[in-house]
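Residue-level structural notes
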Amino acid sequence: MKYSIATIPGDGIGTEVMAAAVKVLEALAERTSLEFEFSLLYAGDEHKGRTGVALPPETVEGVKAADACLFAAVGDTAKEVIIPLRQRLNLYANLRPTKAYPGVPAVNTHVDIMIVRENTEGIYKMIGDRGKGYGFNVRVITREASERIVRYAFEYADKNGRSKVSAVHKANVLDYTDDVFLEAARDVAKQYPDITYEEVIVDACAMKLVMAPEQFQVIVTTNMFGDILSDLAAGLVGGLGMAPSGNVGDELCIFEPVHGSAPDIAGKGVANPVATILSAAMMLEWLGEKEAADRVEAAVVGVLEEGRVRTSDLGGIDTTEDMADAVIERL
């Protein structure tokens, strides 16, 4: 099977981790019947500095034309790039798995949570204003988007053997908006009687994630809460270098590591590419290539478990390319 993959390396370490992930996918193609045709798209700080535009129209069209997109990282222009991409392309579900891997120091080695974050509205609608001595952002929550994201979470749980979905909210304070979210969640939950449904206030959820994360299986929540909680959860399992994610809609997708452009280490060849490689594995699964996705993840797990190759964030001295080569060897 041949797939067209759009790549957006972006800024900083983005070019380095993207090169590592593409190298792994090319090696996978050599060992399987898969074929990949990669296209290079531009976005981010550097592109804005050269052209005055952070997200050119041809990049948006390039994502639309591809079978899937792999995105690395952008810097200060994130709100001009990834947020508009999510909203314009209706990539309404942000998938952020948090999993403890062998060989990686973790606060809790039993963590295996999927955070399903609504990806198109909330505070990130970018509706607001700034005046002298004040500023405001409007939080937009709709029944349609809430119902859609909760259904996605329950479908994910059903298809992946998960028995519990936790809806995270702040309805005790944000009653106008989170009441809409919870009403939709309760109605959807009734359609999945075999899956346990619970509601957790967001601050209590943050505490419980630190103290007893094993009680969570699938968390579904609104945009900003999901953004914050998923970074907190990444800290439980080794940091952002171990945190992949996906932005998916009904027809299009963009998969990306959660980490940023890390300008302090850019160009040094020491960035951990695991989050990007695991994002590529998630992309393969979204494309329907589950066996290939499992093969890539198993290769990553083998490298981490052996512990012979480690980037600096994992306590080692190996390079980005060393890690990619070790994963390829394991394929």
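As a reminder, the structure under discussion sits directly above these lines.
Residues numbered from 1 in each chain as written. Predicted model: local features only at pLDDT ≥ 70, side-chain atom pairs only at ≥ 80, totals over all residues. Heavy atoms only, no water.

Here we look at the overall build of the protein
Secondary structure summary: the protein contains 11 helices and 12 strands in total. Its C-alpha radius of gyration of 19 Å places the protein within 12% of the 20 Å reference for a compact globule of 331 residues. With the principal axes as the frame, the protein shows a C-alpha extent of 50 × 45 × 40 Å. In the protein, 74% of the contacts between residues at least 6 apart in sequence involve partners at least 24 apart. Accessible surface, the protein: about 14,300 Å² in total, of which carbon and sulfur atoms supply 51%. (Helix = DSSP H or I, 4+ residues; strand = E, 2+ residues; numbered from the N terminus. Rg over C-alpha atoms; globule rule 2.2 N^0.38 Å. Contact = heavy atoms within 4.5 Å. Areas by Shrake-Rupley, 256 points an atom, 1.4 Å probe, with all protein chains shown as cover.)

Some points on the pairing of strand β2 (residues 35–40)
Bridge analysis of strand β1 (residues 2–10) against β2 gives 6 bridges, and the strand direction is parallel. Bridged to K2 within β2 is E35. In terms of handedness, the path from β1 via helix α1 (residues 14–31) over to β2 forms a crossover that is right-handed. (Pairing = 2+ DSSP bridges. Right-handed = clockwise from strand over helix to strand, strands pointing away.)

Quick look at unusual backbone geometry
With a phi angle near 55 degrees, N90 is a residue other than glycine that sits in the positive phi range. On the secondary structure map, N90 appears in the loop between α4 (78–88) and β4 (93–99). Located in the positive-phi region is A262, a residue other than glycine, with phi close to 45 degrees. When you line up the elements, A262 lands in the loop between β12 (253–257) and α9 (274–286).

Describing a nonpolar patch on the surface
Side chains of I127, Y134, F136 and V138 sit close together on the surface and give an oily, nonpolar patch of about 350 Å² of accessible area. Following the sequence through the fold, Y134 ends up in strand β7 (residues 134–137). (Patch = residues over 30% accessible without salt bridge, like charges linked within 9 Å, V, L, I, M, F, W, Y side chains within 5 Å. Salt bridge = Lys/Arg side-chain N within 4 Å of Asp/Glu carboxyl O.)

Observations concerning the sheet that holds β2
Ordered by their spatial adjacency, 10 strands build an open sheet running β2-β1-β3-β12-β11-β4-β5-β10-β8-β9, and the pairing between neighbours is mixed. Among the strands making up the open sheet, the edge pair consists of β2 and β9 (196–201). If you compare each strand with its neighbour and ignore which way they point, the axes differ by 25 degrees on average. Sheet strands touched by helix α3 (residues 57–65): β1, β3 (68–73) and β12. Its angle to β1, the strand with the most contacts, is close to 150 degrees. (Axes fitted to C-alpha atoms, helices over the stretch in contact; angles between N-to-C directions.)

As for the pairing of β7
In this structure, strand β6 (residues 128–131) lies alongside β7, joined through 4 bridges in antiparallel fashion. When the sheet's bridge partners are listed, R130 is paired in β7 with G135. The turn joining β6 and β7, which pair antiparallel and follow one another in sequence, is formed by 2 residues; a positive phi near 85 degrees is taken by G133.

Here's the deal with the pattern of salt bridges
With the rule as written, the count across this model stands at 23 salt bridges. A salt bridge links K48 to E80; the nearest nitrogen and oxygen atoms lie 3.0 Å apart. One end of the pair, K48, is in helix α2 (residues 45–51); the other, E80, is in helix α4, and 32 residues separate them in sequence. Owing to a relative accessible area of 30%, E80 belongs among the partly exposed residues under this scheme. In this structure, the salt-bridge partner of R330 is E306, at a minimum N-O distance of 3.6 Å. (Buried < 20%, exposed > 50% of the residue type's maximum accessible area, 1.4 Å probe, protein only.)

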